[in-house]
Amino acid sequence: MSKGFGKDFLWGAATSAYQVEGAAQEDGKGLSQQDVLSRQSPFGDTSMASDHYHRFREDVKLMQELGLKAYRFSISWPRIFPDGRGEPNPQGVKFYHELIDCLCECGITPIVTMYHYDLPWALVQEYGGWLDRRVCADFARYAAFLAREYGDKVKYFITVNEQNIIYRMWTRKNYIPEQLQHDEKLRWQMNHHYTMAHALACREVRQVRPEVKLGGVPAVEPAYPLTCSPADCMAAANANLMRNYFFIDPYMKGSYPVQGLSYLEDAGLLFQMEPGDEGLMKEGISDFLAVNYYRSVCARACDKKEIRQDQELNLYGVKGSQKVFETVPGMYALCKNPELKTTDWDWPMDPDGLVYALTDLYERYGKPMMIAENGLGARDVLTEDGAVHDAYRIEFLRDHLNALERAVDLGVDLFAYCTWSFLDLMSTSNGYAKRYGLIYVNREDKDLKDLARVKKDSFYWYQNVIASNGRER
Ligand code: BGP
């Protein structure tokens, strides 16, 4: 007999600022690096997105109707500090006060991400953004400001969204000048700046508001061996180490895994740590571990002579088209998992992987956990009856909730689940062709239409899940 979900379990949904807000240059907001990078993508434009900036009251009403207990959203750093630091932008500060107040009035717990890829462009221009260590102090100052300003209404703050994806897709999630894009050591150095930014932010926030709860959120993709050959099993272990633990250990243990450091040293990629970094990393140990889960990966052995391949080459893939898998010579090569079906965008669907990941991470770190993102990107269709019949999404989410319950029954201390996403938004890799929302937003990449909100079948399904505290699904 299952224990089920606790009575205070936070049933939530998530978004991020640049993917939903729009108003990219309104009310004093400065440009972010995503505003600039998105313009260079085939679909990109952050100026309207889902127009949440202007329609947030309507959107929160829909959240209330859905029965959400929590809403995870991100604050746009350049909306608060258009220049990255200095004087805050009063209209930006006011916007998030209004959003948070509106949520609280509806009984919805705000979960705030401080950084979801949208670094102020001014800091890129000033010193190269995340490539320069100065960004850590600027981020910590911004984080402390958020804690001071909103910390009496917000209990959960997430520092950085998906540091491991930021590393892996570094030219998509950061502005990296072309001549530096092949500098692997710099890439690890940049990653260390994120690690230190998280740690420093935790220290500063705790000084201002010791009562708030802090954590980072990696994207966790457990790696399975392609076969039971020892070499493939070792490759899977390497993939778990260098794709997951290397980024999570600093948040949860305050140190990098030694094997990972050895690998980087051997490969001539070891980044520079400054005196005091190790101590500071300990101060960044998180109160909880938030995890974004979409899929697992499969790994095979690969020798040092294979050619390095980056995952970011796959960004615009559609079903059947995934030809390039991440390959790290001498460590692991990812490959197709023949056991799993895939989404419209070639992402393997693996609810069991969620049980695997949660139980593994809980044993490793032993801190309360939250799923901060989990969902299905699909080509939804608005039918003539004005509905969106997304039975495939319901099936996907149901399978993952079944997995969640299994993990909880196995003892994982899970306090929140946020589906990605609350409403359709600009997918980071496929624009509005790939939709994740419980609510359809009536627009296409190039045709803004009327941006009307339409509740999908999955909206009504999730409404019932929440109302029954997860029993009916
Ligand atoms: C996560 C990000 C989100 C979101 C999601 C889906 O990595 O935190 O911002 O977009 O993935 O990815 P995509 O939009 O590329 O399909």
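Residues numbered from 1 in each chain as written. Predicted model: local features only at pLDDT ≥ 70, side-chain atom pairs only at ≥ 80, totals over all residues. Heavy atoms only, no water.

Asker: What am I meant to see in the pairing of strand 1 (residues 10-14) here?
Answerer: A regular strand places its side chains on the two faces of the sheet in alternate fashion. Of all the five residues making up strand 1, five are buried; the element is thus mostly covered by neighbouring parts of the structure. By the alternation rule, side chains of strand 1 split into Leu-10, Gly-12 and Ala-14 and Trp-11 and Ala-13, which are all buried. The pairing of strand 1 with strand 12 (residues 414-420) spans five bridges and is classified as parallel. Its bridge partner lying in strand 12, Leu-10 is registered against Ala-416. Bridge analysis of strand 1 against strand 2 (residues 70-74) gives three bridges, and the strand direction is parallel. Considered in strand 2, the bridge of Gly-12 is made with Ala-70. (Buried < 20%, exposed > 50% of the residue type's maximum accessible area, 1.4 Å probe, protein only. Helix = DSSP H or I, 4+ residues; strand = E, 2+ residues; numbered from the N terminus. Pairing = 2+ DSSP bridges.)

Asker: I tried to follow the packing of helix 3 (residues 52-66) against helix 16 (residues 457-467) on my own but got confused; where do I start?
Answerer: Packing of helix 3 against helix 16 leaves a shortest axis separation of 9 Å and a crossing angle of 55 degrees. On the basis of their axis angle, the class for helix 3 and helix 16 is oblique. Of helix 16, the residues touching helix 3 (which contributes Leu-62, Glu-65 and Leu-66) are Phe-459, Tyr-462, Gln-463 and Ile-466. Of the residues in the contact of helix 3 with helix 16, the class split is five nonpolar, one polar and one charged. (Axes fitted to C-alpha atoms, helices over the stretch in contact; angles between N-to-C directions. Parallel < 35°, antiparallel > 145°, perpendicular 65-115°, else oblique. Contact = heavy atoms within 4.5 Å. Nonpolar A, V, L, I, M, F, W, Y, C, P; charged D, E, K, R; others polar.)

Asker: What should I look at first to understand unusual backbone geometry in this one?
Answerer: A negative phi holds for most residues other than glycine; trans holds for most peptide bonds. Here the bond from Trp-420 into Ser-421 is cis, since omega is 5 degrees, no more than 30 degrees from zero. Checked against the element boundaries, Ser-421 lands in the loop between strand 12 and strand 13 (439-441). Positive phi is not limited to glycine here, since Asp-51 has a value of about 55 degrees. Here Asp-51 lies in the loop between helix 2 (33-39) and helix 3.

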